[in-house]
Amino acid sequence: MKIDIVSVFPEYFEVLNLSLLGKAQEKGLVEVTAHNLRDWTHDVHHSVDDTPVGGGAGMVMKPEVWSECLDELLHLEPTTVTCDSTADADDTASADAAEPAESATEIAANADTVPATDRPVLIFPNPSAPLFTQQDATELSHADHLLFGCGRYEGYDARIPRYYRAQGVDVREYSIGDYVLNGGEVAVSVMLEAITRLLPGFMGNAASIVEESYTGENALLEHRQYTKPADWRGIKVPDVLLSGDHAKVDRFRRDEALAKTNELRPDLIEALDCSKLDKADRKTLMALGWEVSGAHPRQR
Ligand code: ADE
């Protein structure tokens, strides 16, 4: 997987040479390059931002600098597109050089269903975008080329993602949580870690990915984990985990995952597919106050 990151603080990404991601780069599983957006500026101040049109606080990242950079990294020729100046998802843009085959709506619909593979995916972290989930990480782990653009200040000109969508690029905007950071760098590190650890050969133990929280179609929070000693400062590991009875251990962990998810993330219980629950799951959920006769559990 090839990963390009564009930022005004490319040094921030030196941290990616550490730990498992560093090893994955050494093994040739991923190739990460951090670029300095200012390398695509032409003025003496290397400015990448300007005041917001319509007024307001802060500065907005300029489209011209970003487009010179992104055209080069995506091997695209500059062109002009015509799209509705207010609509976003409905852009049916026509380009001078190459007529895009799909509207932005079609591209977005495809992107949801078809795992990203051979076409590059351009990703902008943005606090005002849909939340990045494990499902997105899984889908993006199938891509050959990811290109992350880190915004700073009040963000980037809204025409940038629209233009590249109109060029047929798979463009995504994601928030990593309901809080505002100073820039996209931390968000990109978070997304990158979630994506790259899913690459085949990245993790020593692939089974740990299968068992962890948010994984699979019926995602639950993971059960608690313990190691030795069995009694530490008066707190004991649950007996069943020491019993050697694998079926009982599995059931105990599953029930604990259901109980923990019920307490902390009832929205995940509501999203479960009841047809995929076994008899014991149903019994546990009913004891926790859920009705499990419909398509999804409902609180009684
Ligand atoms: N940039 C600033 N805040 C962010 C957030 N919460 N998620 C993604 N990008 C951001």
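What you see is a predicted model, and the numbers here were worked out from it, not measured in a lab.

## Thoughts on the pairing of strand β8 (residues 145-149)
So, step 1. Most of β8 is tucked away, with 5 of its 5 residues classed as buried.
So, step 2. Residues His 145, Leu 147 and Gly 149 point to one face of β8 and Leu 146 and Phe 148 to the other, with burial holding for every one of them.
So, step 3. Bridge count for strand β1 (residues 2-7) against β8 is 5 bridges, and the pairing is parallel. Within β8, the position partnered with Asp 4 by the bridge is Leu 147.

## So, the sheet that holds strand β2 (residues 31-36)
So, step 1. Sheet architecture is open: 5 strands sit in the order β2-β1-β8-β7-β9, paired in parallel fashion. Each edge of the open sheet is held by one strand with a lone partner, namely β2 and β9 (170-174). Neighbouring strand axes in the sheet, compared pairwise and without regard to direction, differ in orientation by 20° on average.
So, step 2. In the packing of helix α2 (residues 63-74) onto the sheet, the strands contacted are β1, β2, β7 (121-125) and β8, and the crossing angle to β8 comes to about 170°.
So, step 3. On top of the sheet, helix α5 (residues 159-166) reaches β7 and β9; it is set at about 150° to β9, its chief contact.

## Focus: unusual backbone geometry
So, step 1. A cis geometry characterises the amide bond from Lys 228 onward to Pro 229, with omega recorded as 0°.
So, step 2. You can see Pro 229 is positioned in the loop between α7 (207-211) and β10 (231-232).
So, step 3. With phi around 55°, His 46 is a residue other than glycine that occupies positive phi space.
So, step 4. Take His 46: it is sitting in the loop between β2 and β3 (49-50).
So, step 5. With a phi angle near 55°, Tyr 153 is a residue other than glycine that sits in the positive phi range.
So, step 6. The topology assignment puts Tyr 153 in the loop between β8 and α5.

## Regarding the confidence of the model for the protein chain
So, step 1. Predicted confidence across the protein chain gives a mean pLDDT of 90, with 88% of residues reaching 70 or more.
So, step 2. A low-confidence stretch, residues 89-114 (pLDDT under 50), is modelled with 45 contacts involving residues beyond four sequence positions or located in other chains.

## Here's the deal with helix α8 (residues 246-264)
So, step 1. Counted at 1.5 Å a residue, the expected span for α8 with its 19 residues is 27 Å, and the 27 Å between its end C-alpha atoms agrees.
So, step 2. Those residues of α8 lying buried are Val 249, Glu 256, Ala 257, Leu 258, Thr 261 and Asn 262.
So, step 3. Elements in contact with the buried residues of α8: α9 (266-270), α10 (279-287) and β12 (290-291).

## So, the nonpolar core
So, step 1. The biggest cluster of nonpolar side chains holds 30 residues, and the ones touching the most others in it are Ile 3, Ile 5, Leu 146, Phe 148 and Ile 195.
So, step 2. If you list the elements that add at least two residues to this core, you get β1, α1 (19-26), β7, α4 (134-140), β8 and α6 (185-196).
So, step 3. Examining the composition of this core, we find that 6 residues originate from one element, α6, more than from any other.
So, step 4. Non-local contacts of Phe 148, meaning those with residues more than four positions away in its chain, are made with Ile 3, Asp 4, Ile 5, Val 6, Ile 123, Val 188, Met 191, Leu 192 and Ile 195.

## A closer look at the site of the ligand
So, step 1. In the vicinity of the ligand, the contacting residues are Pro 125, Asn 126, Pro 127, Tyr 174, Ser 175, Ile 176, Gly 177, Tyr 179, Val 180, Leu 181, Gly 183 and Ala 187.
So, step 2. Contacts to the ligand include Tyr 179, whose backbone N or O atom sits 2.7 Å from a nitrogen atom.
So, step 3. Protein contacts shield 96% of the accessible area of the ligand, which totals 260 Å² for the unbound molecule.
So, step 4. Split by residue class, the shell around the ligand holds 8 nonpolar, 4 polar and no charged.

Calculation notes
- Residues numbered from 1 in each chain as written.
- Predicted model: local features only at pLDDT ≥ 70, side-chain atom pairs only at ≥ 80, totals over all residues.
- Heavy atoms only, no water.
- Buried < 20%, exposed > 50% of the residue type's maximum accessible area, 1.4 Å probe, protein only.
- Helix = DSSP H or I, 4+ residues; strand = E, 2+ residues; numbered from the N terminus.
- Pairing = 2+ DSSP bridges.
- Axes fitted to C-alpha atoms, helices over the stretch in contact; angles between N-to-C directions.
- Contact = heavy atoms within 4.5 Å.
- pLDDT = per-residue confidence, 0-100.
- Expected span 1.5 Å × (residues − 1).
- Core = buried A, V, L, I, M, F, W, Y, C linked by side-chain atoms within 4.5 Å.
- Near = heavy atom within 4 Å.
- Polar contact = N/O pair within 3.5 Å; in protein donor to acceptor, adjacent residues only side chain to side chain.
- Areas by Shrake-Rupley, 256 points an atom, 1.4 Å probe, with all protein chains shown as cover.
- Nonpolar A, V, L, I, M, F, W, Y, C, P; charged D, E, K, R; others polar.

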